[in-house]
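Residue strings, one per chain:
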Amino acid sequence: MLPTPVPSPDAAAKLAAATGTGTDASSSSSHPGPLAPQALELHRLLGTLMPMLVQYVHENHQPETRVVRPTDPAMLAELLDMRPSAAPGESIGAFDRDGGEPAGFDDVMRLFEHTLEYSVRTGHPLFLDKLYTGVTPIGVAAELLTGALNVNTHVHVASPVGTLMELACLAELRRMIGYPVRGGSGIMSPGGSMSNLIAMVTARNVKVPRAKTEGLAALPPLAVFTSAHTHFSIEKSAMVVGLGTNSVFRVATTPNGVMIPSDLERQILAAKESGFLPFFVNATAGTTVLCAYDPIRPIAEITKRHNLWLHVDGSWGGSVLFSDVHRTLLDGLELSDSFVVNPHKMLGVPLQCSCLLVAHPPATMASANSSRASYLYHATPPASKAASPRPAHPPLSFGDDSDDDTESAAQALAATHPSSPLDPYDLGNLGIGCGRRADGIKLYLSWKATGTRAYAARVDRAFAMSRTLRDRVEAHPRLELVFPLSMPSGDREVGANVCFWYVSPAVEARAGSRAAWRAAVEAGDPDTCAAVADVTARTRARMLARGIAMIDYAPLPEPFPRPAFFRVPMNAPTVELEHLDRLIAELVECADAVVREDQGVVV
């Protein structure tokens, strides 16, 4: 937790004098005059909004607060003053009052209040529905700062601070991975899906350079390899780059979702024999449903042998990079070509914040992705370089355990291709987009304020709480883990997700016993699986209607299909043992109501 800041007396006095909220006489001589109209409007807005936000965060931690207040969409639209768009030719639009006037200040503040009141409280300890959770206070403040700056990090001159902060974060992450700090590269993007897309485009244009200039028509069909449990963004990336979904080969996994390296090599050889040109292998570090970790080291041996680009999608589980305890799940990561981690998931940095790290120099990424837009990306004149050398910022440090001799990110980037005609600080050349939000600001400030050790502790706690929840599920008579604790450790869940079923007494009775029920589920008995999936979906719907807790559900794909089960990603740092007990009690109560409903009992 950050210490309470002490505001600068001079700054406070100037603001008080400018806004008329104070009488400090010392401000009259130092402040040039009243605030500019925009600054005064912002002061009024934030002065009203800030107490609302603080109260909102406080309420997240009160026992009586619900995760969501369920509301019919039509009623919600009315509360938010949403009006149907006018017919073509009419002068008054959906965002204007009668007479064409904008909403007044009080009306806008009511919209702020309704937005807070009816949105999902992701900072609530019982929001366990998705792979992200509520953000930290420093994250909220940094997000506000980023919005106020409204800078674009495509070129350094447009965002010198944001650029250096992004470079610093990426360089430190490369050091932690084992990639070159001096000579590696990377870029931040709005989400893991975009990071995966940039990785695939980069890999294609590096491994098959003709694809960039001549297109796919001049090439044999390209092939991508990924596990059956991969995130859908890998297939979508193949669609976007023109490969088509038939070019994505699904590698077999173990029952608990881990890629089997021998099947990867078998499929690579088979694809080559069928006329495909393999170029890209995606391993996953923390799959979406089971949080399974693919074995990177043996996969890397195969990709090196076949000269393929190895990408590791750690969007969800890659934050174990910070943990000395769980870092072994990424064994061999330094052998990969690229890696994605999303700090907006397990580390609590505000959405969206994704880091693509690349083991190759910026010149490689720029060569693969740059379109040489001379109207935006300019060479730095030699005279300017001589007259105003770029100052290198201090060595990287995030508060506790970074290497003192780690070279600055600015130096590392500039040194990799000093003869490049383009400014080496212009990060937009490394990706595929132009507009780039300065996400490095919120990550840099959050990391500075939190420290690497605290991030490690957060990751370790997520894994510890997941083990605790598994113990509670295993002990409950009506719940059943998808991977029971009696299984060998290598066959169970190893990540921060907890997956389990509610077992209907009626369905269990029809099977004859719990063991027979499980055997029917694992054998894919249609009636049993349909009944399990139905109870799971209806229980979750009932939970959403009550709004006390939020979790999601998912099935497992072939070749080891399982009917829909509850999936709880244990990444909320505010979860305590009492919340786990409340979650189980709420889920069982809702599931029992579904069972009674099937028996004709009014609930």
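Structural notes, computed from the coordinates.

1. So, the environment of tyrosine 377
Phase 1 of the analysis: Mapped onto the fold, tyrosine 377 is located in the loop between helix H13 (362–369) and helix H14 (382–387).
Phase 2 of the analysis: Through-space distance from the C-alpha of tyrosine 377 to that of aspartate 426 is 7.2 Å; in sequence the pair is 49 residues apart.

2. Let's talk about the pairing of strand S11 (residues 550–556)
Phase 1 of the analysis: Burial runs high along S11: five of the seven residues are buried.
Phase 2 of the analysis: The pairing of strand S1 (residues 127–128) with S11 spans two bridges and is parallel. When the sheet's bridge partners are listed, phenylalanine 127 is paired in S11 with methionine 550.
Phase 3 of the analysis: The hairpin turn running from S11 into strand S12 (residues 562–569), its antiparallel successor, is five residues long.

3. Comments concerning the packing of helix H7 (residues 160–177) against helix H16 (residues 439–450)
Phase 1 of the analysis: Axis separation between H7 and H16 bottoms out at 8 Å; the angle between their running directions is 60 degrees. It follows from the interaxial angle that H7 and H16 lie oblique. Handedness of the H7/H16 crossing: left-handed. Every residue of H16 that contacts H7 at Gly162, Met165, Glu166, Ala168, Cys169, Glu172, Leu173 and Met176 is listed here: Gly440, Ile441, Leu443, Tyr444, Leu445 and Trp447.
Phase 2 of the analysis: Taken together, the residues of the contact of H7 with H16 break down into ten nonpolar, two polar and two charged.

4. Notes on empty space enclosed by the protein
Phase 1 of the analysis: Applying the stated criterion to the full structure yields two cavities of 30 Å³ or more.
Phase 2 of the analysis: By volume, the second largest cavity is sized at about 30 Å³.
Phase 3 of the analysis: Tyr502, Val503, Ser504, Val507, Trp517, Ala531, Val532 and Val535 are the residues that line the second largest cavity.
Phase 4 of the analysis: A total of three residues in the lining of the second largest cavity trace back to one element, the largest contributor, which is helix H20 (residues 526–546).
Phase 5 of the analysis: Here the lining of the second largest cavity is composed, by residue class, of seven nonpolar, one polar and no charged.

Cut-offs used in this document
Residues numbered from 1 in each chain as written. Predicted model: local features only at pLDDT ≥ 70, side-chain atom pairs only at ≥ 80, totals over all residues. Heavy atoms only, no water. Helix = DSSP H or I, 4+ residues; strand = E, 2+ residues; numbered from the N terminus. Buried < 20%, exposed > 50% of the residue type's maximum accessible area, 1.4 Å probe, protein only. Pairing = 2+ DSSP bridges. Axes fitted to C-alpha atoms, helices over the stretch in contact; angles between N-to-C directions. Parallel < 35°, antiparallel > 145°, perpendicular 65-115°, else oblique. Left-handed = near helix turned anticlockwise from the far one by under 90°. Contact = heavy atoms within 4.5 Å. Nonpolar A, V, L, I, M, F, W, Y, C, P; charged D, E, K, R; others polar. 1 Å grid on protein atoms, 1.4 Å probe; cavity = no way out; pocket = protein on both sides within 12 Å on 5 of 7 lines; lining within 4 Å. Points joined across faces, edges and corners; volume = space filled by probe spheres on them.

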